[in-house]
Amino acid sequence: MDRQPRKVKQLIRPQMVIEGAGVRLLRSFGPSRENLYDPFLLFDHFAFNDPIQGPPVGFPTHPHRGIETVTYMLEGNVRHRDSLGNMGVIGPGDVQWMTSGRGIMHEEMPQRGPDGVINGFQLWVNLPAAQKMSQPRYQEVIADSIPTLERDGMKVRVVAGEYDGVTGPVTEIAARPLYMDVTLEPDLEMQFSVSPGHSAVAYIFEGKGRFGAEGDGPEEFIEAVSMVVFDDGDQVVVQTGVDSPVRFMLMAGAPFQEPIVPYGPFVMNTQEEIQQAFIDLRNGTFVQA
Ligand code: FE2
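First, a word on scope: everything that follows refers to the structure included in this document.

Conventions used here
Residues numbered from 1 in each chain as written. Predicted model: local features only at pLDDT ≥ 70, side-chain atom pairs only at ≥ 80, totals over all residues. Heavy atoms only, no water. Core = buried A, V, L, I, M, F, W, Y, C linked by side-chain atoms within 4.5 Å. Buried < 20%, exposed > 50% of the residue type's maximum accessible area, 1.4 Å probe, protein only. Pairing = 2+ DSSP bridges. Helix = DSSP H or I, 4+ residues; strand = E, 2+ residues; numbered from the N terminus. Axes fitted to C-alpha atoms, helices over the stretch in contact; angles between N-to-C directions. Phe/Tyr/Trp six-rings, centres within 6.5 Å; stacked < 30°, edge-to-face > 60°. Lys NZ or Arg CZ within 6 Å of the ring centre and 35° of its normal. Donors = N, O, S within 2.8 Å, 3.2 Å for Na, K, Ca; no water. Tetrahedral: all angles 85-135°; square planar, octahedral: opposite > 155°, others 65-115°. Salt bridge = Lys/Arg side-chain N within 4 Å of Asp/Glu carboxyl O.

Overview of the nonpolar core
Part 1 of the reasoning: Among the nonpolar cores identified, the biggest contains 31 residues, and Y179, Y203 and M251 are the most heavily contacted of them.
Part 2 of the reasoning: Judged by nonpolar contacts, the second largest core, of 27 residues, contains L188, M190, V246 and L250.

Now the structure itself:
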């Protein structure tokens, strides 16, 4: 059977936004009722990495319900602490896949690395209605435990899903995600299998490359930083130019096709469920140990 390369459907230029206690982020998309990237709700790139701009600011204690937050650090780290007694540090190359389920309260405080830089991503993944009120769950994977394929000018870190027989350590996620950090040297063409029917996006954060079937993209080379949204198909094809490497996050997942109502850090299916989240917060029943 012929492989169906995915074409580029949309090219997003990330916009600077301010969240938490004044954290500057580059946001590719955020939660909306249109749910265009189902099952993905939000993708942020921590961009507050100018060492001359004083101490980093973070995200003081806040709740989440009905979603998963995925933190992946490139440089610097994030110190986190939550209402269930979990605490730790997400360092360079580490990932934290947090399933909020019915509710957690946590704080996330970024810290600079040795060279003064903080660089990382946070992805929000939706939960289906049947799992929105499930028990909270963490999967924390340190850098050394993430399988890395390195060959033929390519480096692929597989966090979730499968590439070329290598399966990522984050498992049992409702969206059946693919989540990979890919680096390609110049003058390569690589194919990545992505299940047909799944939503797929790529966040290009270093260099540039051609994404999608040849000649179909809105532009020849797509440069960092950009979010590419793909049409359906069963593989993503990426080419690098003769003198330009590229690095990107490749993310795909099964859409839930349910109505959603986002409100700040909550994403539920109905307005009533959002109101219930506020009632639970007020009554002190939001977090159940
Ligand atoms: Fe959070």
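Alright, that's what it looks like, and here's the rest.
Notes on the sheet that holds strand β10 (residues 104-111)
Part 1 of the reasoning: The 4 strands lie next to each other as β5-β10-β7-β8, forming an open sheet whose pairing is antiparallel. Only two strands of the sheet have a single neighbouring strand rather than two, namely β5 (59-64) and β8 (87-90). For this sheet, the mean inter-axis angle between neighbouring strands, taken without regard to orientation, is 25 degrees.
Part 2 of the reasoning: For strand β7 (residues 77-82) and β8, the ladder comprises 4 bridges, and the chain directions are antiparallel. Residue pairing in the sheet places H80 in a bridge with G88 of β8.

Points about unusual backbone geometry
Part 1 of the reasoning: Residue P39 is reached from D38 by a cis peptide bond, and omega for that bond is 15 degrees.
Part 2 of the reasoning: For P39, the position within the fold is in the loop between β3 (23-29) and β4 (40-46).
Part 3 of the reasoning: Here A224 and V225 are connected by a cis peptide whose omega angle stands at -10 degrees.
Part 4 of the reasoning: Here V225 shows up in the loop between β20 (222-223) and β21 (226-230).

Comments concerning the packing of aromatic side chains
For any pair of aromatic rings, geometry is given as the distance between the ring centres together with the angle between the planes.
Part 1 of the reasoning: Summed over all chains, the structure comprises 13 aromatic pairs.
Part 2 of the reasoning: The structure contains a cluster of three or more aromatic residues connected by ring pairs, namely F43, F121, Y203 and F205.
Part 3 of the reasoning: Geometry around F221 places K208 over its ring, the cationic atom sitting 5.6 Å from the centre.

Examining the coordination of the iron ion
Ideal values differ by geometry: the angle at a metal is 109.5 degrees with four tetrahedral donors, but 90 or 180 degrees with six octahedral donors.
Part 1 of the reasoning: Protein-derived ligands of the iron ion are H62 (NE2), H64 (NE2), H106 (NE2) and E108 (OE), with the metal-ligand distances lying across 2.1 to 2.3 Å.
Part 2 of the reasoning: Around the iron ion sit 4 donor atoms, and with donor-metal-donor angles ranging over 88 to 174 degrees the site reads as irregular.
Part 3 of the reasoning: Donor residues binding the iron ion come from one chain and are separated in sequence as H-x1-H-x41-H-x1-E. For the pair H106 and E108, a shared accessibility class is recorded, and that class is buried.

So, the pattern of salt bridges
Part 1 of the reasoning: Evaluated as defined, the whole model comprises 10 salt bridges.
Part 2 of the reasoning: The shortest N-O distance in the salt bridge between D44 and R27 comes to 2.8 Å. One end of the pair, D44, is in strand β4; the other, R27, is in strand β3, and 17 residues separate them in sequence.
Part 3 of the reasoning: Relative accessible area serves as the criterion here: at 5%, D44 is assigned to the buried category.
Part 4 of the reasoning: Two residues, R65 and D280, come together in a salt bridge whose shortest N-O distance is 3.0 Å. One end of the pair, R65, is in the loop between β5 and β6 (67-75); the other, D280, is in helix α1 (residues 271-283), with 215 residues separating them in the sequence. Note on accessibility: R65 and D280 belong to one class, buried.
Part 5 of the reasoning: Salt bridges sharing common partners tie together E19, R27 and D44.

Let's talk about the pairing of strand β18 (residues 189-193)
Part 1 of the reasoning: Where burial is concerned, the two faces of β18 differ: the one with M190 and F192 is buried and the one with E189, Q191 and S193 is not.
Part 2 of the reasoning: In terms of strand pairing, β18 meets strand β22 (residues 235-239) through 5 bridges, oriented antiparallel. Within β22, the position partnered with S193 by the bridge is Q235.

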